[in-house]
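Commentary on secondary and tertiary structure
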Amino acid sequence: MVSQGRAPEDLTASAMEHKIAEQPSLANGITNGHTNGATNGHTNGHANGTTNGHANGISALPALDASKLTITRADPTARAVPDEATACSGNETICTDHMITATWKAGAGWSTPELKPYGPLSLMPTASVLHYATECFEGLKAYRGHDGALRLFRPDLNAKRMLMSTLRISLPGFEPAELEKLILALMAIDGPKWLPTSRPGSYLYLRPAVIGTQPQLGVQAPKEALLFITASFMPRMDLPVGGMKLHTNPEDMIRAWVGGFGYAKVGANYGPSLLATQEARQRGFGQILWLYGPEGFCTEAGASNFFVVWRTKESEGAKLQLVTAPLDDKLILDGVTRRSVVQLARERLQNELEVVERKYTIDEVLEADREGRLVEAFAAGTAFFVCPVSQIRHRDQDVHIPMIKGESGQYTAKIKGWMSDIMYGNEQHPWGVVVNEEKQ
Ligand SMILES: *Cc1c(COP(=O)(O)O)cnc(C)c1O
């Protein structure tokens, strides 16, 4: 049913639709996650009546089921919780006491998920992921609120996006709501110790991932996979001294392309981009501003979405606009932070500026700068949060972006403040999902 009308040439789209058709309960999760961009991502989980993937005989194998989670506890006194600065000062990510794993096999479906002590994974050297980059991941944070509660920010969107990324690299589907429950379960147990209420305003970084583990060489869809979730410290990156400095990509390198997979959070997008980032760092810049095509369309800043605030030309009404790249050509990642910025700005800044999702070029940014119309710029993503951009270097030209509030532009600061209030419970909002923590 879903693939009706799809031209056979559209391989990626039709293959994804087939996988969804095999597990109809996935259909809502994925279509929401990827079609309606800036609008509401969580309308329905089970709307279409025929949702049970087990009822139609297509798949009778066990699905990922968070209610079956088994728990093996680490010795709670074995490791003390470091302070944030110490935890982020070494060369190793410090994880919490536990992790969650679940395995999948083609003939057997999903195993019972396990919550167990954090530790190494065991993989054969021939595992698919190590050769063919069958890996995807998510990144979200758990926030210790000023009201004492522990919250996730829109985890349903991360879960849906991970399903989309997983299917894109031929790894097995799952019900996104089950992944969300597993993430909550990990935080329910590790939250009280690792994000104590004595540290309001702090966070942990959650990293769910799926990898192909089948120990067989040969370019094929893996028949075995592993899903795992860790929780760790991550340094704060939203306030680099003097703002984030961006360097446009070298002419002979792009991050993603139309028809590629830049819209999926797959590991294969990141390793090859490091060369350019390293080069930019040596020149004193923090991240690459990835341009696309001969026109030089602005797409993303490092692994985060990119926004500018400018005033349109006099001839176009001198209107204030918040501009960011669109989702429809599948070039950029559909960031949860990006969506939230777009939604909040449309709701709360509607009398001040217009929010525009469209293709725009680096030349338009340079021109706005020359004509004094460039107002602000910022990067947006879970890791960087909302990070003011102070400079862009493109070829031999430099754009210096005003930071009228010292460390940030005023709209950047407003948007960041609203999001932060939701994350840390200063504003009660449906995007802030409270973790039901275990009593200690
Ligand atoms: C993860 C990521 C983002 C940000 O997405 P969020 O959901 O906001 O964290 C943006 N761009 C790329 C390329 C990413 O990998």
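Residues numbered from 1 in each chain as written. Predicted model: local features only at pLDDT ≥ 70, side-chain atom pairs only at ≥ 80, totals over all residues. Heavy atoms only, no water.

The name an unreviewed UniProt entry assigns to the chain is Aminotransferase, from the organism Dichotomopilus funicola. Per UniProt, the chain carries the Sequence similarities (unreviewed entry) text "Belongs to the class-IV pyridoxal-phosphate-dependent aminotransferase family." Within the UniProt record for the chain, the comment given under Cofactor (unreviewed entry) is "pyridoxal 5'-phosphate". (UniProt positions renumbered as here; feature names shortened; annotations may be inferred.)

**Some points on the packing of aromatic side chains**
With the rule as written, the count across this model stands at eight aromatic pairs. On the numbers, 5.6 Å between centres and 75° between planes, the contact of Trp257 with Phe261 is edge-to-face. By relative accessible area, Trp257 is classed as partly exposed at 37%. Between the NZ or CZ atom of Lys330 and the centre of the ring of Tyr263, over which it lies, the distance is 4.6 Å. (Phe/Tyr/Trp six-rings, centres within 6.5 Å; stacked < 30°, edge-to-face > 60°. Buried < 20%, exposed > 50% of the residue type's maximum accessible area, 1.4 Å probe, protein only. Lys NZ or Arg CZ within 6 Å of the ring centre and 35° of its normal.)

**Some details on unusual backbone geometry**
The phi dihedral of Ser170 falls on the positive side, at around 60°, and the residue is not glycine. When you line up the elements, Ser170 lands in the loop between α5 (155–168) and α6 (176–194). Here Ser170 falls in the partly exposed class, since its relative accessible area comes to 30%. (Helix = DSSP H or I, 4+ residues; strand = E, 2+ residues; numbered from the N terminus.)

**Brief notes about helix α8 (residues 336–348)**
Between its terminal C-alpha atoms α8 stretches 18 Å, which fits the 18 Å expected from 13 residues at 1.5 Å a residue. Taking burial as the measure, the 13 residues of α8 include ten buried ones, the bulk of the element. Of all the residues in α8, the buried ones are Val336, Thr337, Arg338, Arg339, Ser340, Val341, Val342, Gln343, Leu344 and Ala345. (Expected span 1.5 Å × (residues − 1).)

**Focus on the pattern of salt bridges**
Overall, the coordinates contain 26 salt bridges when judged by the stated rule. In this structure, Arg395 engages Glu251 in a salt bridge whose closest nitrogen and oxygen atoms are separated by 3.2 Å. Of this pair, Arg395 sits in the loop between β17 (385–394) and β18 (397–400) while Glu251 sits in the loop between β10 (244–248) and α7 (274–282), and the two are 144 residues apart along the sequence. Taking relative accessible area as the criterion, Glu251 reaches 68% and is therefore assigned exposed. Counted as one network, the salt bridges with shared partners bring together Lys313, Glu367, Glu371 and Arg373. (Salt bridge = Lys/Arg side-chain N within 4 Å of Asp/Glu carboxyl O.)

**Quick look at the pairing of strand β4 (residues 114–117)**
The side chains of a regular strand alternate between both faces of the sheet. Sheet topology note: the strand β1 (residues 70–71)/β4 ladder contains two bridges and is parallel. Note that in β4 the partner of Ile71 across the bridge is Leu115. Where strand β2 (residues 98–105) meets β4, four bridges bridge the pair, whose relative direction is antiparallel. Bridge pairing links Thr101 to Glu114 in β4. (Pairing = 2+ DSSP bridges.)

**Digging into the environment of Gln410**
Positionally, Gln410 belongs in helix α10 (residues 410–423). We classify Gln410 as partly exposed; its relative accessible area is 31%. Between the alpha carbons of Gln410 and Val375 there is a distance of 9.2 Å; along the sequence they are 35 residues apart.

**Topic: a nonpolar patch on the surface**
On the surface, Tyr132, Leu217 and Val219 cluster together into a nonpolar patch covering about 310 Å² of accessible area. Mapped onto the fold, Tyr132 is located in helix α4 (residues 128–132). (Patch = residues over 30% accessible without salt bridge, like charges linked within 9 Å, V, L, I, M, F, W, Y side chains within 5 Å. Areas by Shrake-Rupley, 256 points an atom, 1.4 Å probe, with all protein chains shown as cover.)

**Some remarks on the packing of α8 against α10**
Interaxial distance between α8 and α10 falls to 10 Å at its minimum, and their mutual angle equals 110°. Considered as vectors, α8 and α10 are oriented roughly perpendicular to each other. Along the contact surface, α8 presents Thr337, Ser340, Val341, Leu344, Ala345 and Arg348, while α10 presents Ile415, Trp418 and Met419. Residues of the contact of α8 with α10, tallied by class, amount to six nonpolar, two polar and one charged. (Axes fitted to C-alpha atoms, helices over the stretch in contact; angles between N-to-C directions. Parallel < 35°, antiparallel > 145°, perpendicular 65-115°, else oblique. Contact = heavy atoms within 4.5 Å. Nonpolar A, V, L, I, M, F, W, Y, C, P; charged D, E, K, R; others polar.)

**Structural notes on the site of the ligand**
If you check the shell around the ligand, you find 14 residues, and the closest are Lys265, Tyr270, Glu300, Thr337 and Thr382. With respect to the ligand, the side chain of Glu300 contributes an N or O atom lying 2.5 Å from a nitrogen atom. Within the contact set of the ligand, an oxygen atom lies 2.8 Å away from a backbone nitrogen or oxygen of Val336. About the coverage of the ligand: the protein hides 96% of its 380 Å² of free accessible area. For the shell around the ligand, the secondary structure elements donating two or more residues are β13 (304–311) and α8. Residues of the shell around the ligand, tallied by class, amount to four nonpolar, six polar and four charged. (Near = heavy atom within 4 Å. Polar contact = N/O pair within 3.5 Å; in protein donor to acceptor, adjacent residues only side chain to side chain.)

**Here we look at the side chain of His247**
Relative to the assigned elements, His247 resides in strand β10. Taking the relative accessible area as the measure of exposure, His247 reaches 9% and is therefore buried. A distance of 3.2 Å separates a polar atom in the side chain of His247 from a polar atom in the side chain of Arg283. Ignoring any residue separated from it by four or fewer positions in sequence, one finds His247 in contact with Ala280, Arg283, Phe285, Gln287, Ile288, Leu289 and Arg393.

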